[in-house]
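Structural characterization, general
Okay, here's what each chain looks like letter by letter:
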Amino acid sequence: MSIQKNEAHYIFMIEVLRALHLQSDNFFYDVLQKTPYEVLIYNWMDKLYKSGKSREEAIEYIHRARRLYILRTYDAPKH
């Protein structure tokens, strides 16, 4: 991968994180620590970038996916 592609990927992630109101330094630290939520968001952003989605499309997709993920967690049967 060229430097330009790495830089474009990084900028894409930073802009998506800003739109999601996540601090990039804390976010990437948590990804390195394998924090489940941050790893999930990182994987979503990475797949969306690699599939050629725009920042706006990625932000919209992640907002919807987070809502579904949170709703599914709260709707889970409690034992």
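Residues numbered from 1 in each chain as written. Predicted model: local features only at pLDDT ≥ 70, side-chain atom pairs only at ≥ 80, totals over all residues. Heavy atoms only, no water.

A word on the packing of aromatic side chains
Where two aromatic rings form a pair, the distance of their centres and the angle of their planes describe that pair. What counts here: We call Phe, Tyr and Trp rings a pair once their centres come within 6.5 Å, taking the six-membered ring for Trp, and we label the pair stacked below 30 degrees between planes, edge-to-face above 60, and tilted otherwise. Counting from the N terminus, the helices are DSSP H or I runs at least four residues long and the strands are E runs at least two residues long.
Counted by the stated rule, this structure contains three aromatic pairs. A ring pair is formed by Y10 and F28, whose centres lie 6.4 Å apart and whose planes are at 25°; its orientation type is stacked. One end of the pair, Y10, is in helix α1 (residues 3-19); the other, F28, is in helix α2 (residues 24-32), with 18 residues separating them in the sequence.

Quick notes on the nonpolar core
This is how it is decided: Grouping buried Ala, Val, Leu, Ile, Met, Phe, Trp, Tyr and Cys residues that are joined through side-chain atoms within 4.5 Å yields what is termed a nonpolar core. For each residue, the accessible area found with a 1.4 Å probe, counting protein chains only, is set against the maximum for its type, and the residue is called buried under 20%, exposed over 50%, and partly exposed in between. Residue contacts follow a heavy-atom distance rule, with two residues in contact if any of their heavy atoms lie within 4.5 Å.
V16, F27, I41, M45 and I62 are the most contacted members of the largest nonpolar core, which totals 15 residues. Looking at this core, the elements with two or more residues in it are α1, α2, α3 (36-50) and α4 (55-75). If sequence neighbours within four positions are ignored, M45 has contacts with F12, M13, V16, L17, F27 and I62.

Considering the packing of α2 against α3
Rules: Axis lines are fitted through C-alpha atoms, for helices just across the contact stretch, and the angle between N-to-C directions can take any value from 0 to 180 degrees. Throughout, the term roughly parallel applies to angles under 35 degrees, roughly antiparallel to angles over 145, roughly perpendicular to angles from 65 to 115, and oblique to all others.
Viewed as axis vectors pointing N to C, α2 and α3 meet at an angle of 105°, and their least axial separation amounts to 8 Å. Relative to α3, the element α2 lies roughly perpendicular. Only E38, V39, I41, Y42 and M45 of α3 make contact with α2, whose side of the interface consists of F27, F28, D30 and V31.

Regarding α3
Our working definition: Multiplying 1.5 Å by the helix residue count minus one yields the expected span of that helix.
Taking 1.5 Å per residue, 15 residues should reach 21 Å; α3 reaches 21 Å between its end C-alpha atoms and fits that length. The complete set of buried residues in α3 reads E38, I41, W44, M45, D46 and L48.

With respect to the pattern of salt bridges
Operational definition: One side-chain nitrogen of Lys or Arg within 4 Å of one carboxyl oxygen of Asp or Glu is enough to make a salt bridge.
Summed over all chains, the structure comprises three salt bridges. Here E15 makes a salt bridge to R55, at a shortest N to O gap of 2.2 Å. Of this pair, E15 sits in helix α1 while R55 sits in helix α4, and the two are 40 residues apart along the sequence. We classify R55 as partly exposed; its relative accessible area is 36%.

Description of the confidence of the model for the chain
Applicable threshold: Residue-level confidence of the predictor is summarised by pLDDT, bounded by 0 at the bottom and 100 at the top.
With 85% of its residues at a pLDDT of 70 or more, the chain has an overall mean of 87. The spread of mean pLDDT over the elements of the chain runs between α4, the lowest at 84, and α2, the highest at 95.

Side note on the side chain of R66
To be explicit about the condition: Counted charges follow a simple rule, with Lys and Arg positive, Asp and Glu negative, and His plus the chain ends left uncounted. In protein, a polar contact means a hydrogen-donor-capable atom and an acceptor-capable atom, both N or O and within 3.5 Å, with residues adjacent in sequence counting only if both atoms are side-chain atoms; elsewhere, any N or O pair within 3.5 Å suffices.
In this structure, R66 sits in helix α4. Although buried, R66 forms no salt bridge, and the nearest oppositely charged side chain, E38, lies 8.9 Å from it. There is a polar contact of 3.1 Å between the side chain of R66 and the side chain of Y37. Leave out the neighbours within four places in its chain, and R66 touches L20, Y37, I41 and W44.

A word on the environment of M13
With respect to the element layout, M13 can be found in helix α1. A sequence separation of 33 residues divides M13 from D46, and the C-alpha atoms of the two residues are 8.0 Å apart. In contact with M13, not counting residues within four places along its chain, are F28, Y42, M45 and D46.

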